[in-house]
Each structure stands twice: as C-alpha cells, then as structure tokens.
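Chains, contacts and geometry: an overview
For reference, the chains in residue letters:
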Amino acid sequence: MADLQHRFHSVIAPVISAAHDYDVHIVDGKGSWVTAASGKQYLDFACGIATTNLGHRPDDVVAAAQAQLNKVWHAGGSFLYESIVEAGEAIVSVAPEGLDKVFFMNAGAESVEAAMKLARKVTGRQGIITFRGGFHGRTMGAVTYTTSKAKYREGYHPLLPSTFVTPYPHPFGWGMSQEEANAYALRELEMKFKYEVTPGEIAAFLVEPMQGEGGYYPGSKEFMHALRAIADAHDILLVVDEVQTGFGRTGDWFTSQVYDLRPDVLVVGKAIANGLPLSGVIASSRLLDQWGPGSHGTTFGGNPVSCAAAAAVVQALKPVIPGVPERSEHAFARWNELKADHPSIGDVRGLGLMIGIELVDPNGKPDPAAFGSVGRAALDAGLLILNCGPDSNVIRFIPPLNVTMEDLDAGIDILASAITTHERSSGAFNGAS
Ligand SMILES: Cc1ncc(COP(=O)(O)O)c(C=O)c1O
C-alpha cells in the first residue's frame, strides 16, 4: 500500500489529489461494494462522482462491453458500427420529448464546450449566460462557465470573453425560501439584461437543473420554467447540463423530465455508460442538422465499447429507476430526522438519490472543517463518500440507484455516527446527541 502510494506520487501529477488522500487501494468492485487490497470492504456511496449509478460491474453491461471488445473497439469516425446507433437510439428514446438526435463525445467538459459551439453556430450570437455555483468542467471553455469555486479558475485568466454570470437560487445560503431565492435570481437576470448585455446578444443559457459540485441546490421547477420562458421570448437556447443529474439520479431519466421542462440542448455524461467514458449533446434534429459536417469532431467520441455499454445501461436502468422514489423518500425521512437531532446539520436538500447534507458550525454558518472529520470517520467505518459546495462542507449523498434498503440504512448509520463523533469532539455543540 505505502509502496503503491509512493509509486503513484512519483509518476502521477498531484493536481487531482483530493480523492487520493484517502488511503484506500481498491482491487475489486461489485454492486454497491468495493474491496481494498487489505481485504476490507467499503460501501461505495461516492459512485465515481455520481457515475456508477448501477453500482460496480453490472452483469449485463459487462457482457455488452466484453462482446464489443471482442469485435471492434475503436473506429475514430472512419467506418460505421452498430453500437453507436444502438446507443443513440437508446438514449434519445429516454430523452425529453423532441430531442431526437445525439452527438457522442468522451467527457462532460468536452460536451459542454461542444454545446456552446453549437449554440454560437446556430444562433450567430456570442454571449453565454451561466449561473453562479455552476460546475461544467475543467477545460478552458468549461472552466470559464464554472463558478462553483473560485479556486477552479485561479491562475487561468483571461478566460473566454462574452460569458456573463448571474445568481442561481441558493435558498439556504441566502437565508431565503425557495420562492424568495427564485425571485431574487430572476431579478438579477433582468438587471443583467438592463445593464450589461442585451438578450439579443445571448446564444444560450447554460444551466444545471440542480447544481452538483456547487452544493446540491435544486434549481426548482419554477425557476427552470421561468428561464425557459425568458429563453423563448428572446430566441436564446436553453442548454441544460445534466452530466451529474442525469440517468435516473433524481428519480426520472433526466431532471428535465422531473420538472416537466423542455430543454433545447441536453448535455450528458458520467452515468450514461456507468463509468466507461462517454458523453454527448442531445437536441432536436432541427438544431443538430444545422451543425454541418466538419463543424465539430472527435477521435475517441462514441467509442464502440462505451456505446455498447451505454445501450445496455439504458436497458438495465429501466427496472431500477422506478425504485428511486422509495429509496429517496426513505433517505430524506431519515436525514430530516437526523437534522432535528444534530445541530451540525444545517440543511438537507435535493431530489431523488442526489441529496446534499450541509454541515454547519455552532453559529449555523458553513463549516469548511466539518467534512474532513466526518468523511474520515465514515471512511474508517467502511463508507466512501464525497463532499461538494464552495466550502466543501456538503455531504454528497449519492448511493447507487439500485442500492438495497439495508445498505442504504447502513450508509446513513455510518454517517450519523460520524456526525455524532464530530459534534462531540468539537465540544461546541451544546446538548448535541
Ligand atoms: C454538471 C457537470 N457538468 C460537467 C461536468 C464535467 O464532466 P467531466 O469531468 O466528465 O469533464 C461535471 C463533472 O463533475 C458536472 O458535474
């Protein structure tokens, strides 16, 4: 273990170091569980950052990927192969109505940037409006649109011009109700159009229907519908980034469907091939057919193996998604009970099995140190868990969608006891359980 860590640090750049601070050397994964080299088993509620929605190595997906590996595993746009068509048909069949074509790429950031290129190309406009707290990736364009943490942008300026950032409703952070936060954010958008840029110069709104990395804030159906109406009034494209919220995570295939929202462009990634690299933009053929040959391209996008896996993932998720609401209700009920007992839990929010538990200090302010102790104690007790939010103080509760009720409870029990230990050891939460 120490030897592997040493070799890792000798040869791999430290830039993505956070997860590797955890000294878990994983050798196997199946379902909701992973096994470390030490033999210890961990319940994996990190899910590869909301990617292994079906857990590790789902049988049918493994079989589909293996079968494809034995046929052809790279095409690079040079010839036709069946799995890209199967994946395309499967994905548009579960996408919001009217979105009937897809272009596949590899990572979320790449598809975000492609969506922005598409928006500029088809509208002939340059401006992009993004929402504070949004996360859209790390490449130069994507990081321009990302404002979930200033650190992600530090050292990279100047970023892309003609990008305008406006508030996204953060009710807990602002001490407001959802309605008040929606109204405030919409008023600010109105001011943006009055003082900074006219709507006729805006190609697209780029928005997550529920902010992920930014702290698990659901935007709310009302806010997203208000954006839809403003977009319609000014011929602005509504580009909905569902890289993290998609593929069953919030209780339907996409959060757009949970909200009954009609996006112009949907950006997808992460869970669509359950961990094999695949992402894409999904839109109407009316829009995508205007993106002529040569306007965009990729070597690896739509990889045959990833596509075979994606087609199998759609089939495998069909019986799983209807089980999300029951698990979600149970998890919310338990988290809300725990909130009543634990003063360090400031807020519980989310949709489906995408739940944020915000840890606060005794004054009710975000506690940037809390996740360090809670996450570590959870790890020691056998649970892998991630955080999110600008203060890294929101527990990102994202079990696999097919987690058993028993494992769901086991994960919550581990976190509850980690939170109790944190409150006792800090000593500042008087009367804490
Ligand atoms: C909403 C959202 N968009 C885009 C991305 C970027 O995806 P990737 O890391 O695959 O480039 C992420 C990654 O966390 C995300 O959560």
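Residues numbered from 1 in each chain as written. Predicted model: local features only at pLDDT ≥ 70, side-chain atom pairs only at ≥ 80, totals over all residues.

Considerations on the overall build of the protein
The helix and strand inventory of the protein stands at 15 helices and 17 strands. Here the protein has a C-alpha radius of gyration of 21 Å; the compact-globule value for 433 residues is 22 Å, and the two agree. Across its three principal axes, the protein shows a C-alpha extent of roughly 60 × 60 × 45 Å. Here the protein holds 433 residues, and 49% of them are scored as buried. A separation threshold of at least 6 residues defines the contact pool for the protein, and within that pool the share at least 24 residues apart is 72%. (Helix = DSSP H or I, 4+ residues; strand = E, 2+ residues; numbered from the N terminus. Rg over C-alpha atoms; globule rule 2.2 N^0.38 Å. Buried ≥ 20, exposed ≤ 12 C-beta atoms within 10 Å, placed from the backbone. Contact = placed C-beta atoms within 7 Å.)

Considering the nonpolar core
Within the largest apolar cluster, 116 residues are counted, with the highest numbers of intra-cluster contacts made by Ala-204, Val-239 and Ala-310. Considering each element in turn, this core owes the most residues, nine residues, to helix α12 (residues 304-317). Formed jointly, this core draws a minimum of three residues from each of two domains, domain 1 (2-54 + 322-426) and domain 2 (59-317). Residues within four places of Ala-204 in sequence aside, it is in contact with Met-116, Ala-119, Ile-128, Ile-236, Leu-237 and Val-239. (Core = buried A, V, L, I, M, F, W, Y, C linked by C-beta atoms within 7 Å. Domains from an automatic or database assignment.)

Quick notes on the site of the ligand
Lining the immediate environment of the ligand, one finds 15 residues, of which Gly-108, Ala-109, Gly-137, Val-243 and Gln-244 sit closest. Tallying contributions element by element places helix α5 (residues 108-123) first for the shell around the ligand, with three residues. (Near = placed C-beta within 6 Å.)

Considerations on unusual backbone geometry
The omega torsion of the bond from His-157 to Pro-158 falls at 0°, within 30 degrees of zero and hence cis. Mapped onto the fold, Pro-158 is located in the loop between α6 (140-145) and β6 (163-166). Phi is positive for Lys-270, close to 40°, though the residue is something other than glycine. Phi is positive for Ser-392, close to 55°, though the residue is something other than glycine.

Description of the packing of helix α13 (residues 324-341) against helix α15 (residues 405-426)
Close contact between α13 and α15 brings their axes to 11 Å; oriented N to C, the two are set at 20°. By the angle class used here, α13 and α15 are roughly parallel. Seen along the crossing, α13 lies across α15 with a hand that is right-handed. Contacts between α13 and α15 involve Arg-327, His-330, Ala-331, Arg-334 and Leu-338 from the first element and Met-405, Leu-408, Ile-412 and Ala-416 from the second. Considered class by class, the residues forming the contact of α13 with α15 number six nonpolar, one polar and two charged. (Axes fitted to C-alpha atoms, helices over the stretch in contact; angles between N-to-C directions. Parallel < 35°, antiparallel > 145°, perpendicular 65-115°, else oblique. Left-handed = near helix turned anticlockwise from the far one by under 90°. Nonpolar A, V, L, I, M, F, W, Y, C, P; charged D, E, K, R; others polar.)

A few points about the sheet that holds strand β15 (residues 383-384)
Strand order across the open sheet formed by four strands is β1-β2-β3-β15, with mixed pairing between neighbours. Two strands lie at the open edges of the sheet, namely β1 (26-30) and β15, each paired on one side alone. Pairing of strand β2 (residues 33-36) with strand β3 (residues 41-44), which is carried by three bridges, proceeds in the antiparallel orientation. Pairing of Val-34 across the sheet is with Tyr-42, part of β3. (Pairing = 2+ DSSP bridges.)

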